[in-house]
Amino acid sequence: MLAPAAAISLLLSLIVYALTGGADFGGGLWDLLASGRRAQAQRKAIAAAIAPIWEANHVWLILVVVVLFTAFPGGFSAVMTALNIPISVMLVGIVLRGSAFIFRSHDPRPEPGRRHWSRLFGGASAFTPVIQGVILGAMATGRIRVADGRVTTGVFAGWLTPFALSCGVFALGLFAFLAAVYLTLDTRGEPDLQADFRRRALWSGSALWPMAGIVYLTARSGAPVLFHGLTRWWAPLLLAATCLCGAGALGGLWLRRFSLARMAAAGQVALILAGWSLAQYPCLLTPDVTVANSSAPEVTLRLLALALAAGGLVLLPSLVFLFRLFKGDGRRRP
Amino acid sequence: MSDFLFARSQMAMSLAFHIVFAALGIGMPLLMVLAEGAYLRTRNPVYLELSKRWAKGTAILFAVGAVSGTVLSFELGLLWPRFMAEAGAIIGMPFSLEGFAFFTEAIFIGVYLYGRTRLSPLLHWLAGVVVAASGVLSGIFVVAANAWMNAPAGFTFAGGRFTGIDPVAAMLNPATLHEVLHMTLAAFVATGFAVAGVHAFYLLRTPASPFHRCALGLALGLAGVCIPLQVASGDLSARVVGRFQPAKLAAMEALYRTQENAPLILGGIPDDGARMTRLGLTIPRGLSLLLGDSPGTRVTGLEAFPRANWPDVRIVHWSFDLMVACGFAMLAVAGWSVWLWLRRRRLAEHRRFLRALVAAGPLGFLAIEAGWVVTEVGRQPWIIYGVMRTREAVTPVHGIAVPFAVFTGLYAFLGVAVFSLLRGQFRETAGTVSTTPPA
């Protein structure tokens, strides 16, 4: 009972990380791709939107890691060994993104001198989600094998497969879409900028459908357990709900109902991650490491549940306060 | 070098880099809150400007601290997966609590840095207080996890298996109190002296600047209050280490022979082969007096342990002496400042004192780095003292030289970037706020 609860809190943290921290990476991608007469204004809007909140959003990832190694120490150990290379690469991306962003905003020089920070920020923002998608994808491939708590398939298994790579591209697409949708609300007072981000949201949102198709097709041989999971009874329902959210997001954007679009886009991303983990459940690292066989002793899980509950009591009001303060007046992010 | 040594080097490098930002992340918010509090009380605009400048510096340092801390939380598994597979369930607790404390800090630093115009002055100041408090708290939890590696508790280890796990007892292990106390004070001392050193540097150029005078007063005040406490907490630390990690203490003091009337050896060249320390300054009975308050106190020497369980005595002993020397040098500077204050009430015009402060600026961080070398190298060959060897914990992944090189290069680049940005901030400060133009 406690181990699945820990797995659910892991999933929830991951979903919130995607919805908040993921969107900040997407914002970085749009910074990199800023173009046209309003390129500087776009960059400014992106920076203003993420500056007060990105550090808090980033902590969701730390929470994911901490809950993973506390509740599923065996799983953590196996993942960190088998996926040592892509995870190290992801860390480089995280370090470069965060520091380039803060360096750019505190560089006293005028814009031309800051340009290399911009490029680094944008490049790292675009690159990190790809590798994050690859890591999650690799965990589902079933190519990483573990016996007696030790990884037996080396450090290249899983993450170099077409399936994992398509997951990487899909993750970037999702984060870019989320960011563009959020930015339509962040630029509410500036119709030109809002139109720019609406166009970007519509494009990236439409591109998600073929990307999702590729992930699905490569899953057939690339992640058979996951693929099989998607044939269970709940799968069509979940798929329908996800498509509804996706269509709702695009429709909302088309009709300029941006709050609706944001809600639908967030729902879409949350449902994709939820469906993903349901299809993979009970495996953490398919097929050998499961929620049950890698979990910590009951006493640890019980204390963790207590810590999460107590932490949540402090955290949630604080987060609401943060987002109210900076995203209020109809500019809230979920 | 072997993968094992590269893994240790990568961990050491990552910690050495992160600890600077972590300590500043604990100390700077306090200074920033003190400055804003002084403004709210006195309405002196210099204090408001000061808190804004310090907040900008805090923003940069906090961001780099956050990302380098993220790297460390992953490196625990990337480099030491066998350790985490066992220890995760035992010490995950303080890490989870640290996660929440850090979360609170990250939320309220956003509120503080960007909410100045959206909040009432008092609420804004309170947001800063939350940042400062949660920063201290997150440091406490992380250090508690490290303390467990030094004085493991809260489990039974038999036949290679960890049973009877009690995460609360693990978190409240015998080393937690003294490590937490020593590190929290160290963060305040190091930040205080570093900031005082910077402003002393600018005061040498622009002695009349009210901005730098106010800054010096606050930073030196924090450092001066904490350094005597830190020396006292160091005494407590040595006693606890002597009880729970006698091999580490023996290496710190370069003591090979178990004896009563044990001497205190300062410096010197420890010789493992001859089991003696040459050329050191020896204070007879000093160590026995320090540890047990009586010359008859028996102190365990390294000879009581199998040679395979000795840490690198030279590194540990020299790092320990370096840390202690830095501590007493800072104490002397703090004492001088008190004496000058009582006699003349004019610190900012005493050029020799300002030069001494500039020289003392880096000592706090030097002491922190040396102190962590003592803690970590002194525990070797163990990752969990007496239970699991570091070598058993290391990742089976080959080619660790590559991530070691990548992260070393990355951090060197970040270090240079942060340094030049902060210098830019201070230049700006010197130019725009002081009443006299910079020389």
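The structure under discussion appears in the preceding block.
Rules and cut-offs
Residues numbered from 1 in each chain as written. Chains lettered and ligands numbered in written order. Predicted model: local features only at pLDDT ≥ 70, side-chain atom pairs only at ≥ 80, totals over all residues. Heavy atoms only, no water. Helix = DSSP H or I, 4+ residues; strand = E, 2+ residues; numbered from the N terminus. Expected span 1.5 Å × (residues − 1). Bend = angle between axes of the 7 residues up to and from the residue. Phe/Tyr/Trp six-rings, centres within 6.5 Å; stacked < 30°, edge-to-face > 60°. Buried < 20%, exposed > 50% of the residue type's maximum accessible area, 1.4 Å probe, protein only. Contact = heavy atoms within 4.5 Å. Axes fitted to C-alpha atoms, helices over the stretch in contact; angles between N-to-C directions. Parallel < 35°, antiparallel > 145°, perpendicular 65-115°, else oblique. Left-handed = near helix turned anticlockwise from the far one by under 90°. Patch = residues over 30% accessible without salt bridge, like charges linked within 9 Å, V, L, I, M, F, W, Y side chains within 5 Å. Areas by Shrake-Rupley, 256 points an atom, 1.4 Å probe, with all protein chains shown as cover. Salt bridge = Lys/Arg side-chain N within 4 Å of Asp/Glu carboxyl O. Buried area = accessible area lost by both parts, 1.4 Å probe. Polar contact = N/O pair within 3.5 Å; in protein donor to acceptor, adjacent residues only side chain to side chain.

It is not clear to me how unusual backbone geometry should be interpreted in this structure. Could you clarify?
In this structure, A:Pro282 follows A:Tyr281 across a cis peptide bond, with omega equal to 5 degrees. Positionally, A:Pro282 belongs in the loop between α11 (258–280) and β3 (283–285). Residue B:Pro381 follows B:Gln380 across a cis peptide bond; omega there is 5 degrees. Following the sequence through the fold, B:Pro381 ends up in the loop between α12 (363–379) and β7 (382–384).

Teacher, can you tell me more about helix α1 (residues 3–42) of chain B here?
For an α-helix, 3.6 residues make a turn, and residues three or four places apart therefore share a direction. All names here are of chain B. Helix length check: α1, at 40 residues, gives a terminal C-alpha distance of 58 Å against a target of 58 Å (1.5 Å per residue), a fit within 8%. Glycine 25 marks where α1 bends most, by close to 25 degrees; the proline proline 29 follows one to four residues later. Looking one or two residues past α1, arginine 43 carries a phi angle of roughly 60 degrees, positive in sign.

Can you help me understand the packing of aromatic side chains in this one?
How two aromatic rings sit relative to each other is set out by the distance from centre to centre and by the angle between their planes. Enumeration over the complete set of coordinates arrives at 22 aromatic pairs over all chains. Between A:Tyr216 and A:Phe227, the ring centres sit 5.1 Å apart and the planes meet at 45 degrees, which makes this aromatic pair tilted. Linking A:Tyr216 in helix α8 (residues 191–222) with A:Phe227 in helix α9 (residues 224–229), this pair joins segments that are eleven residues apart in sequence. Under the relative-accessibility criterion, A:Tyr216 is labelled partly exposed at 41%. Put simply, the rings of B:Phe17, B:Phe21, B:Phe407 and B:Tyr411 touch in pairs and so form one group of aromatic residues.

I would appreciate a short explanation of the environment of A:Leu2 in the present structure.
Residues and elements named next belong to chain A. Among the structural elements, leucine 2 can be located in helix α1 (residues 2–32). Judged by relative accessible area, which is 26%, leucine 2 ranks as partly exposed. Taking the C-alpha atoms as reference, leucine 2 lies 23 Å from aspartate 148; in sequence the two are 146 residues apart. Non-local contacts of leucine 2, meaning those with residues more than four positions away in its chain, are made with Glu298, Leu301 and Arg302.

I would appreciate a short explanation of the packing of α1(B) against α12(B) in the present structure.
Packed helix pairs are characterised by how far apart their axes lie and by the angle those axes make with each other. Residues and elements named next belong to chain B. In the contact formed by α1 and α12, the axes pass within 10 Å of each other and the chain directions differ by 130 degrees. Taken together, α1 and α12 sit at an angle that is classed as oblique. Between α1 and α12 the crossing geometry is right-handed. The segment α1 lies against α12, with Ala16, Ile19, Val20, Ala23 and Leu24 engaging Phe365, Ile368, Glu369 and Trp372.

How do you make sense of a nonpolar patch on the surface when you look at a structure like this?
A surface patch of nonpolar side chains, about 330 Å² in accessible area, is lined by B:Leu122, B:Leu123, B:Leu126 and B:Val129. Checked against the element boundaries, B:Leu123 lands in helix α4 (residues 121–150).

Looking at this structure, I do not really get the interface of chain B and chain A. What am I missing?
When the parts of a complex come together, some accessible area is lost, and that lost area is often used as the size of the interface. Each partner contributes residues to the interface: chain B has 56 residues there, and chain A has 59 residues. Overall, the association of chain B and chain A removes approximately 5,200 Å² of surface from exposure, summing both partners, and the carbon and sulfur fraction of that is 81%. For the chain B face of the interface with chain A, the top three residues by lost area are B:Phe74, B:Phe100 and B:Phe103, together amounting to 14%. At the boundary of chain B with chain A, the tally comes to seven residue pairs in polar contact (both at pLDDT 80 or more).

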